[in-house]
Amino acid sequence: MKNEIRARVVKSLERCYANCSLSSGRIPEIVIEVPNHADHGDYASNIAMALARAEKKPPKKIAEILVQELAGSDRFFERIEIAGPGFINFFINKDVWRESLRKIVDSGDDFGKSTVGKGTRIQVEFVSANPTGPLHIGHGRGAATGDAIASILTAAGFDVVREYYINDAGNQMDTLGRSVYLRYRELLGQTVEFPENCYQGNYIRDIARDLITKFGDRYLEMPEDEAIRQCSKIGGDVILKGIKQDLADFGVVHDTWFSEQTLFDSGKVADSISYMREKGLLYENEGALWFRTTDFGDDKDRVVVRGNGVTTYFASDIAYHREKFEQGFDIVVDVWGADHHGYVPRLKSVVQGLGRNPDDLKIVLVQLVALLRDGAPVAMSTRSGEFVTLKEVVDEVGRDAARFFFLMRRSDSQLDFDLELAKRQNSENPVYYVQYAHARICSIFESACEKGLSPSDSSLACLGTPDEMSLIKMLSVFPEIVAGSALCFEPHRVPYYLQELAGQFHSFYNRNRVLGEDDELTSSRLYLLKCTAQVLKNGLLLLGVSAPDRM
RNA sequence: GCGCCUGUAGCUCAGCUGGAUAGAGCAACGGACUUCUAAUCCGUAGGUCAGAGGUUCGAAUCCUCUCAGGCGUGCCA
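Treat the numbers as computed from the prediction; the structure is a model and nothing was measured.

**Section: the packing of aromatic side chains**
Now for step 1: With the rule as written, the count across this model stands at 17 aromatic pairs.
Now for step 2: A centroid spacing of 5.6 Å and a plane angle of 80° characterise the contact between Tyr184 and Tyr219, whose relative ring orientation is edge-to-face. Note that Tyr184 is positioned in helix H6 (residues 171-187) and Tyr219 in the loop between helix H7 (202-215) and helix H8 (224-249), a separation of 35 residues in sequence.
Now for step 3: Note on Tyr219: relative accessible area 1%, which makes it buried.
Now for step 4: On the numbers, 5.1 Å between centres and 35° between planes, the contact of Phe258 with Tyr320 is tilted. Of this pair, Phe258 sits in strand E7 (residues 256-259) while Tyr320 sits in helix H11 (residues 313-326); the two residues are 62 residues apart in sequence, bridging distant segments of the chain. The pair Phe258 / Tyr320 is uniform in exposure class, with both members buried.
Now for step 5: In this structure, Arg8 is placed above the aromatic ring of Phe76, and the distance from its NZ or CZ to the ring centre is 4.1 Å.
Now for step 6: Here the basic side chain of Arg218 rests over the ring of Tyr219, its NZ or CZ set 5.4 Å away from the ring centre.

Below, the structure written as structure tokens:
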């Protein structure tokens, strides 16, 4: 709808220049927006004000000239008004709005999709938790966010791949192996000292116990180094398997799993270092090799290879991001915990070092989740291993509530997640509010079916009350919401929209009888509700939340 | 010290890349079920958009400074 209006404005402007009623010849960027108040029309534009300076005419005068051209012969606009300092307010013909419903039914599950992404190849990397422990609630938010972003991008016409980066190199895997090995010895009756920097969680004992069940005490008989190496391998595999399971239970499926270790095995880390060295971006100082990230605005340069010859995590990241672009992605999205925000400038430096635009890498920061129970914080401590896992949360509140809650807020603002609220089945809980709207419509259709009534678009002109019109308008805007959400990497816009839409529907429902005396009105209203249910469903599915038929 | 983020109704948050009289939900108060699901709706009340300057036709939004809170600032991952 916006694009339609924009196109008409451009055409009128061109005609004004052709007949010399306007002279600057400028076609500025035309902003069409939905005003806050219904009195201001369905859409409004500030174009006249934007042109005031170039035209050297008062905005109202320009608006008048433009509106004359816009009025046109067809009945697209019901009327056009000039208001305030020079706004042009567009009132769209009701028939145009009613017609928009047919598009929803015709498109069905595809309604909401668009082509704004133009097939751009884009990779969304998310979760990417180290395989040293189970996913906790913070990872859950990252998972929901990354997955929703990927779905929304897909709907907006991007070519999307979901990736998980496995940090299976470096010394945290060593620590994992040592942790498992020590617990293993402990369980076999040996007295061991368990260092503080080892992983404290009970899941380590579980893995050790499994080792005993399967292999007895064979690891006691081999050299400690070898035993730790094997414990590391087995432990990592078990934990990764658990992570995959937790994600699957949460409805998240990655297309690709990328192992950091393969970057070393294939020599890509070394290659990337040579590549950056040739570009003159590396230098040696005090025995270490540094990347000149300050060239690109970072606070200080960063070490790539330490004095002891071991590469840093940053070295892997260079190779990894180079690899992403070499795979042909136009845009690469990294979803990170907000505590990593200090790493943004150095990764942006890498991207520029690769000769690309820094905007080709989009980093989405996901803030912490504060877990509450009836308003009181739930104690969590990663250090002691007493964190709340994603699995526990999903088991308690369900997948739908968890996902919706994670996505309700802008991802870079902190989130209060109240477990009791998420389980509550009343109006305090926004998940149920939206799902209930869907279920309610389905229930109406059940009754309609029993009475032999069905939706029809043959007399849509019956629809016209303010309740009906605002519902129709809200439905038609869904593709724009999805597109905007995609282009800005802001998934929270979708749950917001859905809450508003559900509200609009509930309000309509309480004021209007759907299955009534008048057959034409009934079938038209059923048609409207069919569209509403479709949009609710399409929106919820983008979030990975189910749209139940019955509650 | 330096850097990033946040500051909007009692609480939790939106505010569409500068627009018209700043919006929801919850909590509070008052109403609505003999009718398609009351897991709902209607109404009332609630604001110095942290503060001060600046940019312009116009600022919650952009710039500068101040205050408050969070995070980051390893040859850790």
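Having seen the structure, we can now continue with the description.
**Examining the protein's contact with RNA strand B**
Now for step 1: Around RNA strand B, the surrounding shell holds 60 residues, and the nearest of these are Tyr343, Tyr433, Tyr436, Ser443 and Tyr496.
Now for step 2: Here RNA strand B approaches the protein such that, of its atoms within 4 Å, sugar and phosphate make up 66%.
Now for step 3: Separating a phosphate oxygen of RNA strand B from a side-chain N or O atom of Ser443 is a distance of 2.3 Å.
Now for step 4: At 2.9 Å from a phosphate oxygen of RNA strand B is found a side-chain nitrogen or oxygen belonging to Ser507.
Now for step 5: Listed by contribution, the elements that provide at least two residues to the surface near RNA strand B are helix H2 (47-55), strand E4 (87-92), H6, strand E9 (288-291), helix H16 (430-450) and helix H19 (493-511).
Now for step 6: Ranked by residues supplied to the surface near RNA strand B, first place goes to H16 with 8 residues.
Now for step 7: Considered class by class, the residues forming the surface near RNA strand B number 20 nonpolar, 25 polar and 15 charged.

**Concerning the environment of Val34**
Now for step 1: Secondary-structure assignment places Val34 in the loop between strand E1 (32-33) and strand E2 (43-45).
Now for step 2: Along the primary structure Val34 and Asn308 are separated by 274 residues, whereas in three dimensions their C-alpha atoms are 60 Å apart.
Now for step 3: Apart from the residues within four sequence positions on either side, Val34 is in contact with Asp42 and Tyr43.

**Brief notes about the domain arrangement of chain A**
Now for step 1: For chain A, the assigned domains are domain 1 (2-92), domain 2 (121-166 + 253-366), domain 3 (171-249) and domain 4 (427-543).
Now for step 2: Placing a centre on the C-alpha atoms of domain 2 and another on those of domain 3 gives a separation of 29 Å.
Now for step 3: Three residues stand out in domain 2 for area buried against domain 3, namely Pro131, Thr132 and Trp257, and they jointly supply 48% of the buried area on that side.
Now for step 4: In this assembly, domain 2 and domain 3 are joined by 0 salt bridges.
Now for step 5: At the junction of domain 2 with domain 3, the criterion picks out 1 residue pair in polar contact (both at pLDDT 80 or more).
Now for step 6: Looking at the side of domain 2 that touches domain 3 residue by residue, the classes come out as 9 nonpolar, 4 polar and no charged.

**Overview of the packing of H6 against H7**
Now for step 1: Look at H6 against H7: their axes get within 8 Å of each other, and the N-to-C directions meet at 60°. Every pair of crossing elements has a handedness; the one defined by H6 and H7 is right-handed. For the pair H6 and H7, contact is made by Leu176, Ser179, Val180, Arg183, Tyr184, Glu186 and Leu187 and by Ile204, Arg205, Ile207, Ala208, Arg209, Leu211 and Ile212, respectively.
Now for step 2: When its residues are assigned to classes, the contact of H6 with H7 shows 9 nonpolar, 1 polar and 4 charged.

**Quick notes on the nonpolar core**
Now for step 1: One finds Phe90, Leu101, Phe406 and Phe417 to be the most contacted residues of the largest nonpolar core, which totals 131 residues.
Now for step 2: The element best represented in this core is helix H20 (residues 519-543), accounting for 11 residues.
Now for step 3: With residues up to four places along the chain from it excluded, the contact list for Phe90 reads Ile5, Val9, Ile32, Gly41, Asp42, Tyr43, Ala44, Ser45, Leu70, Phe77, Arg79 and Ile80.
Now for step 4: In this structure, Leu263, Ile318, Leu354 and Leu361 belong to the second largest nonpolar core, which totals 29 residues.

**Regarding the pairing of E4**
Now for step 1: The buried fraction of E4 is high, at 5 of 6 residues.
Now for step 2: Relative to E4, E2 is paired through 3 bridges, and the arrangement is antiparallel. Among the inter-strand pairings, Ser45 is bridged to a residue of E4, identified as Ile88.
Now for step 3: As paired elements, strand E3 (residues 77-83) and E4 share 6 bridges and run antiparallel to each other. In the strand pairing of E4, Glu81 is matched with Asn89.
Now for step 4: Following E3, the chain reverses through 3 residues before pairing antiparallel with E4; Gly84 in that reversal takes a positive phi of roughly 55°.

**Points about the sheet that holds strand E12 (residues 361-366)**
Now for step 1: Taken together, the 5 strands give an open sheet; going across it, the order is E7-E6-E5-E11-E12, and neighbouring strands pair in parallel fashion. Each having just a single partner strand, E7 and E12 make up the two edges of the open sheet. Each adjacent strand pair in this sheet contributes to an overall mean axis angle of 25°, direction not counted.

**Quick word on H11**
Now for step 1: Helix length check: H11, at 14 residues, gives a terminal C-alpha distance of 20 Å against a target of 20 Å (1.5 Å per residue), a fit within 8%.
Now for step 2: Burial runs high along H11: 12 of the 14 residues are buried.
Now for step 3: Among the residues of H11, Phe314, Ala315, Ser316, Asp317, Ile318, Ala319, Tyr320, His321, Arg322, Glu323, Lys324 and Phe325 are the ones counted as buried.
Now for step 4: Just past H11, the residue Gly328 takes up positive phi, approximately 100°.

**Re the pattern of salt bridges**
Now for step 1: Per the counting criterion, the structure on display carries 35 salt bridges.
Now for step 2: The closest approach of N and O atoms between Arg322 and Glu326, which form a salt bridge, is 3.6 Å. With Arg322 and Glu326 both in helix H11 and 4 residues apart, the pair spans about one turn of that helix.
Now for step 3: Taking relative accessible area as the criterion, Glu326 reaches 54% and is therefore assigned exposed.
Now for step 4: The partner of Asp412 in a salt bridge is Arg410, with the nearest N and O atoms 3.0 Å apart.
Now for step 5: Linked by salt bridges that have partners in common, Arg373, Glu396, Glu420 and Lys423 make up one network.

**Regarding a negative patch on the surface**
Now for step 1: Where like charges cluster on the molecular surface, the negative patch consists of Glu517, Asp518, Asp519 and Glu520.
Now for step 2: You can see Asp519 is positioned in helix H20.
Now for step 3: Relative accessible area serves as the criterion here: at 53%, Asp519 is assigned to the exposed category.

The rules behind these values
- Residues numbered from 1 in each chain as written.
- Chains lettered and ligands numbered in written order.
- Predicted model: local features only at pLDDT ≥ 70, side-chain atom pairs only at ≥ 80, totals over all residues.
- Heavy atoms only, no water.
- Phe/Tyr/Trp six-rings, centres within 6.5 Å; stacked < 30°, edge-to-face > 60°.
- Helix = DSSP H or I, 4+ residues; strand = E, 2+ residues; numbered from the N terminus.
- Buried < 20%, exposed > 50% of the residue type's maximum accessible area, 1.4 Å probe, protein only.
- Lys NZ or Arg CZ within 6 Å of the ring centre and 35° of its normal.
- Near = heavy atom within 4 Å.
- Polar contact = N/O pair within 3.5 Å; in protein donor to acceptor, adjacent residues only side chain to side chain.
- Nonpolar A, V, L, I, M, F, W, Y, C, P; charged D, E, K, R; others polar.
- Contact = heavy atoms within 4.5 Å.
- Domains from an automatic or database assignment.
- Buried area = accessible area lost by both parts, 1.4 Å probe.
- Salt bridge = Lys/Arg side-chain N within 4 Å of Asp/Glu carboxyl O.
- Axes fitted to C-alpha atoms, helices over the stretch in contact; angles between N-to-C directions.
- Left-handed = near helix turned anticlockwise from the far one by under 90°.
- Core = buried A, V, L, I, M, F, W, Y, C linked by side-chain atoms within 4.5 Å.
- Pairing = 2+ DSSP bridges.
- Expected span 1.5 Å × (residues − 1).
- Patch = residues over 30% accessible without salt bridge, like charges linked within 9 Å, V, L, I, M, F, W, Y side chains within 5 Å.
- Areas by Shrake-Rupley, 256 points an atom, 1.4 Å probe, with all protein chains shown as cover.
- Lys, Arg positive; Asp, Glu negative; His and termini not counted.
- Charge placed at Lys NZ, Arg CZ, Asp CG, Glu CD.

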